[in-house]
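Residues per chain, in single letters:
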Amino acid sequence: MSALSERPADAVVGTAVPHESAVLHVTGTALYTDDLVHRTKDVLHAHPVQVPHAHARVRDLRTGPALRVPGVVRVLTAADVPGVNDAGVKHDEPLFPDEVMFHGHAVCWVLGETLEAARLGAAAVEVDVEPLPSLVSIRDAVEAGSFQGGQPTVRRGDVEAGLDASAHVFSGEFEFSGQEHFYLETHCALASVDESGQVFVQSSTQHPSETQEIVAHVLGLSNSEVTVQCLRMGGGFGGKEMQPHGLAAVAALGATLTGRPVRLRLDRTQDMTMTGKRHGFHARWRVGFDEDGRLQALDATLTSDGGWSLDLSEPVLARALCHVDNAYWIPHVRVNGRIARTHKTSQTAFRGFGGPQGMLVIEDVLGRCAPLLGLDAATLRQRNLYTAGRTTPYGQPVRHPERLARAWQQVLDSADFAARSAQVAAFNDASPHTKRGLAITPVKFGISFNLTAFNQGGALVHVYKDGSVLVNHGGTEMGQGLHTKMLQVAATTLGVPLGRVRLAPTRTDKVPNTSATAASSGADLNGAAVKNACEQIRGRLAQVAAERLGVAPADVRFTGGVVRGIAFASEQVPWEEVVRLAYFQRVQLSAAGFYRTEGLHWDSAAMQGEPFKYFSYGVAAAEVEVDGFTGAYTLRRADLVHDVGDSLSPLVDIGQIEGGFVQGVGWLTLEDLRWDESDGPGRGRLTTASASTYKLPSFSEVPEVLNVGLLADAAEEGAVYGSKAVGEPPLMLAFSVREALRQAAAAFGPPGTSVDLASPATPEAVFWALERARCTEGAHVDEGAPGVRPDQPDPGAPAVRPYSEQVQHVLSRT
Amino acid sequence: MQSPAVTVNGQVVPLDGVAPHTTALDWLRGRGLLGCKEGCAEGECGACSVLVARPGVAAPTQWTALNACLLPIAALDGQELVTAEGLGTPAALHPVQREIAVRGGSQCGYCTPGFVCSMAAEYYRPDRAAAGPSTGRPGAAAEPDGHLHGPNGFDLHALSGNLCRCTGYRPLRDAAFALGEPPAEDPFAARRDAPPPPVAATRVVGGGAEFVRPADLPGALDLLAGRPGALVLAGSTDWGVDVNLRAARAALVVAVDRLPELRTLDVGPESVEIGAALTLTEVETLLAGRVPLLDELFPQFASRLIRNGATIGGNLGTGSPIGDTAPALLALDASVVLASPEGEREVPLADYHTGYRQSVRRPGELIRAVRIPLPQPRVVAFHKIAKRRFDDISSVAVGFGLDVEDGVVRRARIGLGGVAATPLRARATEAALVGRPWTEEMVRSAARVMAGEGTPLDDHRASAAYRSAMLGQALLRLHTQHRTPQEVGA
């Protein structure tokens, strides 16, 4: 076992401790970015001027009337930008645009003494626009050939030959919705300028280093002149990976121009109408099975709805293509991807980052084809699970497939799946108006950033003379419990009680050049870096203690706040005394830690390599009950088993599993992003832009019975203390709910009915699905050739090879 | 008139100069009580939930959770308010705070103070422990959602207006169900036994506008007669949304939600008269199961946080076509009692709405009460079609009130919401039912008529086709549930 994954016997990691801020949360004393405004003097408030057109050219912007509104201090426009007028990393996101690219695009910002003054000022700004033709739906964009970015393909084997040789060939289409993050805390930044002209931005950001970079390039400053801090976020889910940057830059620009602190907080409507969401996708597919229902070939084209700019759409698409296989072995594969450019918000990272969308395609294919193959869906899925010795379509060996099988069996057992399937069938026979469905689905999710360069983490650990420990690391806290885990890692590595360790807010001047807290990698990368820093300090202290104890440094043990020799009879010295001794011996008590994930390689042009450190596995079984009169349903029970390796923090991990699952249930059943696709004056408007129209799961969506288990004996070699990432993968356990709904809807029709189910599967969508089943209409799946042929990519599309890989490529040649 | 002030976490804080549109949320945050969070600013997420001492039914005072984002702070003049900070501190956690903290009930923590307040209100509900585990209230229709009630009597509907995006709710459910009884020395528990803060007449002037709470109904009618353009405010669950999301402002706000004449409930031999300013929660508690159709409605009407503030008169007064009380009250043949300086008049609810958010109510006239005639119909049901079971706005709402004797429909009242510019009666369907046998065949034929009622639209909540289908389906579902109509006590 590697040093990184080896866990001492009495580790603080692995104990179930509450979130490190839980006591502050419940007493209302945990501070978020906007709370700081009330502790800051002379703050100006920023309000956007949003233009209500899906696509338009700005012909004239008259800010004079705003300046006449009492309390308005300044209007920020493109002319004020000293650096680069761009909020992104692809240089396709003008911060102050002269072309409105989506309904609600902000063209300038008003600063006021109060938010009310800024709002009135924004309303007074006169914007003349020339409306331009717009593309709102993904279908319109495909038809118009409106794409952006690269068009990659994951390819293995000979897909045409595989289809030709298949006993059953089906083809179809599937379009499904994205998802609004709806972090409870909306975007917020508070910027100020300190005495030396340094810009300090407090931002609710998952990626402080990139926020820093964008603020610097907008202001024309070097990165060293900008510091970004994130205390904590009231939820992120990927929505604060890219989206905070431009908002922070506006606040920082206002602060530099006025010399006063500037607060920019989006209200919910602004947040929903201005910032990106999970990508909706469209898929066309052909699939081949052998006589026994074993997958032979998959030919698919996935088109994501990228919105108006690229943002993270390319890596999201790459991850979607790398997860179309989910947990299934498919010998012949050709999966094309492309990004539609539409006049909507720029869609972005969201928990799973394209993975869920890719996996949803194959789960939908299996769910629709199982009845056509004469198989029950559970059998079809189990029969196709990866087994030993297989590789993914992009060439990565699938390690530990036996864990997937074990998780599957554990869910079958703990959910009493066979007996309950029989009960469901008996219930359905006896119940004409209410039907139940019980489904089981797997998850295999690759962990690491697809882009190799991002797989690095940093930390800065201080031990003070009194023995107390302060940990800084590059990750941000958004509720996922990263800081809790980091405290546990530091306490474990230094052998001190948890209470000796404190964690400081994430700041770019403490740990530089960090990666986003994203891709579920926060604990893997930062945990290894924290451990590395602590090990450096521990190594130095071991020398000091060895002398004091009269043993060899290698025989010094740090545990529970005492330092002792390896022998049972060894003398014990309190941690604090060793620290004090070290100080007087002029031993450095601070260390910078670093970690890079080993063994990764990825060629994003060929879409081949081993981009993932490991796969995270999970299995879920869900039972639903559907009312045939309305399509309304309840989630009766869910049984989840998830592989988190050897858990760093079980209470935190179970929280991530349950929370991810319910968020996935929201995406797939309830959360309904609707844009006005009419040709009326509201064209392009998000019509579900508030909590009253966009419904998140509430208590009524929690399963009546929810059983969650961590997969046993799953220690992960090569990851920090044998743990695995947990942030994203459990979201996809929710496929079980969608498939259970499909099965319940099918039960309204004759046996063997195949059902199309829209996503999200709202009560209305379920009603229409069960109505079609009742009318024995069947699913819209074509059998045999030629069927629905996926479009092939445009050979003229730009390359997807990112800059960092080009650098590596050049370096490897020289 | 005393100078306006609010008691916040035990401290009296003056209210001088606040504008009528200043919400309790903004005001509290401005005073450094930052635990109160804005998540949506429209009463949907509960991150701003606070506790207010209100008149109780089972005890003199009841700690009532309200959305601070919707409520003007001026409306709390003379009242007592408690926030998460006031319930406990990091060094001395409140039992609700402790249960949430140790069970992993907080992740990002942003919704947590609001959950704490909503959960604390239910913790202190005087009749909580008396309720059985399977139903929230004696007399309530048997509810299939047994898992929504804890062994400690905790009703999870109390948290239906609080959203959490992180936890998936299970640990919050565990925390709620783990709560015991408040100890006797608990000051919040003791506070319940003392009278609620008296309601004082109020006048707060700020931001160039005024907020006035008249002392009684004649005072309110006089004021409105002189200033017919004034905004009449009850629970502020509708206007608060307009203030926050649509920047609505009013020069004069007249609060009527505490007028004593509007807060009575009378059960007579011929009717039940419900005071217009009673909140939905109060109506539910005071009726104690006397109107079974409304009992079906209450758990489906918005959330507990909203029902604690929203009044039954307000729900009719906004004239919204998707307010949920109207379809139910239409099925009960209810009427509206309107008061003006000239006296009172009674208008059948079926004649009350005249257009989108318009009614026969004249400027200066107030809804004083809602009158439900007795006996009530024997077959009643309230069907709400929405995306989410808790706290959603209806795509379609249907209230049924039928009498079936000897297998024949003798009388039918069907109220509809969400299928036209106003709530309306399904008169064609009623005609298709009355005098005909209550058989599957006849019901199927009437259901086809019912699917043609109204003029439903396509919107983000539902398609027109689904809305129409749901009308017909509602009648079919009613029939399967009442094949042999049982006697339903009025």
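Cut-offs and rules
Residues numbered from 1 in each chain as written. Chains lettered and ligands numbered in written order. Predicted model: local features only at pLDDT ≥ 70, side-chain atom pairs only at ≥ 80, totals over all residues. Helix = DSSP H or I, 4+ residues; strand = E, 2+ residues; numbered from the N terminus. Rg over C-alpha atoms; globule rule 2.2 N^0.38 Å. Buried ≥ 20, exposed ≤ 12 C-beta atoms within 10 Å, placed from the backbone. Contact = placed C-beta atoms within 7 Å. UniProt positions renumbered as here; feature names shortened; annotations may be inferred. Nonpolar A, V, L, I, M, F, W, Y, C, P; charged D, E, K, R; others polar. Pairing = 2+ DSSP bridges. Axes fitted to C-alpha atoms, helices over the stretch in contact; angles between N-to-C directions. Parallel < 35°, antiparallel > 145°, perpendicular 65-115°, else oblique. Left-handed = near helix turned anticlockwise from the far one by under 90°. Domains from an automatic or database assignment. pLDDT = per-residue confidence, 0-100. Core = buried A, V, L, I, M, F, W, Y, C linked by C-beta atoms within 7 Å. Expected span 1.5 Å × (residues − 1).

Description of the overall build of chain A
Here's step 1: In terms of helices and strands, chain A carries 20 helices and 31 strands.
Here's step 2: Its C-alpha radius of gyration of 27 Å places chain A within 12% of the 28 Å reference for a compact globule of 814 residues.
Here's step 3: In terms of overall dimensions, chain A has C-alpha extents of about 85 × 80 × 60 Å along its principal axes.
Here's step 4: Burial analysis of chain A (814 residues in total) assigns 64% to the buried set.
Here's step 5: For chain A, the proportion of contacts with a sequence separation of at least 24, taken over those separated by at least 6, is 81%.

Observations concerning the overall build of chain B
Here's step 1: A tally of helices and strands in chain B yields 16 helices and 20 strands.
Here's step 2: Against the 2.2 N^0.38 benchmark of 23 Å for 490 residues, chain B shows a C-alpha radius of gyration of 23 Å, consistent with a compact globule.
Here's step 3: Burial status across chain B gives 61% buried among its 490 residues.
Here's step 4: The long-range share in chain B, meaning contacts at least 24 apart out of those at least 6 apart in sequence, stands at 69%.

Re the UniProt feature "domain: FAD-binding PCMH-type" (unreviewed entry) in chain B
Here's step 1: Those residues carrying the UniProt feature "domain: FAD-binding PCMH-type" (unreviewed entry) are residues 204-377 of chain B in this numbering.
Here's step 2: Here residues 204-377 of chain B is 28% helix and 28% strand, with 46 Å between the C-alpha atoms at its ends.

Observations regarding the interface of chain B and chain A
Here's step 1: Contact residues are listed per partner, giving 64 residues for chain B and 61 residues for chain A.
Here's step 2: Per-element tally for the side of chain B that touches chain A: the top contributor is helix α16 (residues 464-481) of chain B, with six residues.
Here's step 3: The residue makeup of the side of chain B that touches chain A, split by class, is 31 nonpolar, 20 polar and 13 charged.

Looking at the sheet that holds strand β24 (residues 572-574) of chain A
Residues and elements named next belong to chain A.
Here's step 1: The strand order β22-β23-β24 describes an open sheet built from three strands, whose pairing is antiparallel. Of all the strands in the sheet, the pair left with one neighbour each is β22 (556-559) and β24. Along the sheet, successive strands turn relative to each other by an average axial angle of 25 degrees, direction set aside.
Here's step 2: Where helix α16 (residues 575-584) meets the sheet, its contacts fall on β23 (562-565) and β24, and the angle it forms with β24 comes to roughly 75 degrees.

Focus on the packing of helix α15 (residues 440-450) of chain B against α16(B)
Residue and element names in this part refer to chain B.
Here's step 1: It is the contact of α15 with α16, at a shortest axis distance of 7 Å, that shows an interaxial angle of 155 degrees. What the angle tells us is that α15 and α16 run roughly antiparallel. The crossing of α15 and α16 is right-handed. Each of E440, V443, A446, A447, R448 and M450 in α15 lies in contact with α16, whose residues at this interface are L471, G472, L475, L476 and H479.
Here's step 2: Broken down by class, the residue content of the contact of α15 with α16 amounts to seven nonpolar, two polar and two charged.

A short note on the environment of L482(A)
All names here are of chain A.
Here's step 1: On the secondary structure map, L482 appears in helix α14 (residues 482-494).
Here's step 2: Between the C-alpha atoms of L482 and D466, which are 16 residues apart in sequence, the distance is 26 Å.
Here's step 3: With near-sequence residues (within four places) excluded, L482 lies in contact with G475, E477, T517, G522, A523 and N526.

Re the domain arrangement of chain B
All names here are of chain B.
Here's step 1: Here chain B is partitioned into domain 1 (5-191), domain 2 (202-255), domain 3 (262-373) and domain 4 (379-481).
Here's step 2: Computed over C-alpha atoms only, the centres of domain 2 and domain 3 are separated by 20 Å.
Here's step 3: With 13 residues of domain 2 at the contact, the number on the domain 3 side is 16 residues.
Here's step 4: With six residues, the single largest contributor to the side of domain 2 that touches domain 3 is helix α7 (residues 217-226).
Here's step 5: Grouping the constituent residues of the side of domain 2 that touches domain 3 by class yields eight nonpolar, three polar and two charged.

Observations concerning unusual backbone geometry
Here's step 1: Residue P760(A) follows S759(A) across a cis peptide bond; omega there is 10 degrees.
Here's step 2: On the secondary structure map, P760(A) appears in the loop between α18 (735-746) and α19 (763-774).
Here's step 3: Across the junction of L374(B) and P375(B), the peptide omega takes the value -5 degrees, indicating a cis bond.
Here's step 4: With respect to the secondary-structure elements, P375(B) resides in the loop between β16 (366-373) and β17 (379-385).
Here's step 5: Phi at A519(A) is positive, roughly 55 degrees, even though this residue is not glycine.
Here's step 6: Position of A519(A) among the secondary structure elements: in the loop between β21 (506-507) and α15 (522-549).
Here's step 7: A positive phi angle, near 50 degrees, is found at D391(B), a position not held by glycine.
Here's step 8: Relative to the helices and strands, D391(B) resides in the loop between β17 and β18 (396-405).

Let's talk about the UniProt feature "domain: Aldehyde oxidase/xanthine dehydrogenase a/b hammerhead" (unreviewed entry) in chain A
Here's step 1: Within this structure's numbering, the places UniProt gives as "domain: Aldehyde oxidase/xanthine dehydrogenase a/b hammerhead" (unreviewed entry) are residues 27-133 of chain A.
Here's step 2: In the segment residues 27-133 of chain A, helix accounts for 13% and strand for 34%; the C-alpha atoms at its two ends are 51 Å apart.

Considering the confidence of the model for chain B
Residue and element names in this part refer to chain B.
Here's step 1: Mean pLDDT for chain B: 94, with 95% of residues reaching 70 or above.
Here's step 2: Confidence drops under pLDDT 50 across residues 132-143; counting only partners more than four residues distant or on other chains, this segment forms 21 contacts.
Here's step 3: Counting interchain partners and residues more than four positions distant, the pLDDT-below-50 stretch residues 486-490 has eight contacts.
Here's step 4: Among the prediction metrics, the complex's ipTM stands at 0.96, with pTM recorded as 0.97.

What to know about the nonpolar core
Residues and elements named next belong to chain A.
Here's step 1: Judged by nonpolar contacts, the single largest core of 413 residues is most densely connected at A251, A490 and A745.
Here's step 2: It is α15 that provides the largest number of residues to this core, a total of 13 residues.
Here's step 3: Excluding its chain neighbours within four sequence positions, the residues that come into contact with A490 are V461, V469, V471, V501, V530 and C534.

Here we look at the pairing of strand β9 (residues 168-176) of chain A
All names here are of chain A.
Here's step 1: Relative to strand β14 (residues 281-289), β9 is paired through nine bridges, and the arrangement is antiparallel. If you follow S171 over to β14, its bridge partner there is R286.
Here's step 2: Alignment of β9 against strand β31 (residues 782-783), held across two bridges, turns out to be antiparallel. Residue F170 lies in a different strand from β31, and its bridge partner there is E783.

Structural notes on the sheet that holds β18(B)
Pairing between the strands of a sheet comes from backbone hydrogen bonds, and it takes one of two forms, parallel or antiparallel.
Residue and element names in this part refer to chain B.
Here's step 1: Sheet architecture is open: four strands sit in the order β17-β18-β19-β20, paired in antiparallel fashion. The open sheet has two free edges, formed respectively by β17 and β20 (424-425), since each of these has just one partner strand.
Here's step 2: Where β18 and strand β19 (residues 408-417) come together, nine bridges link them in antiparallel fashion. Across the sheet, L402 pairs through a bridge with A412, a residue of β19.
Here's step 3: Contacts between α16 and the sheet are confined to β17, β18 and β19, with β18 contributing the most and set at about 30 degrees to the helix.

Observations concerning helix α10 (residues 355-372) of chain A
Here's step 1: With 18 residues, α10(A) extends 27 Å from end C-alpha to end C-alpha; this agrees with the ideal 26 Å at 1.5 Å per step.
Here's step 2: Counting buried positions over the 18 residues of α10(A) gives 17, a clear majority of the element.

Section: the environment of P432(A)
Here's step 1: Relative to the assigned elements, P432(A) resides in the loop between α13 (417-430) and β17 (434-447).
Here's step 2: In this structure the C-alpha to C-alpha distance between P432(A) and H181(A), which are 251 residues apart in sequence, comes to 38 Å.

Let's talk about the pairing of strand β2 (residues 11-14) of chain B
Here's step 1: The sheet contact formed by strand β1 (residues 5-8) of chain B and β2(B) spans four bridges and is antiparallel. In the sheet register, T7(B) faces β2(B), and the bridge partner there is V12(B).

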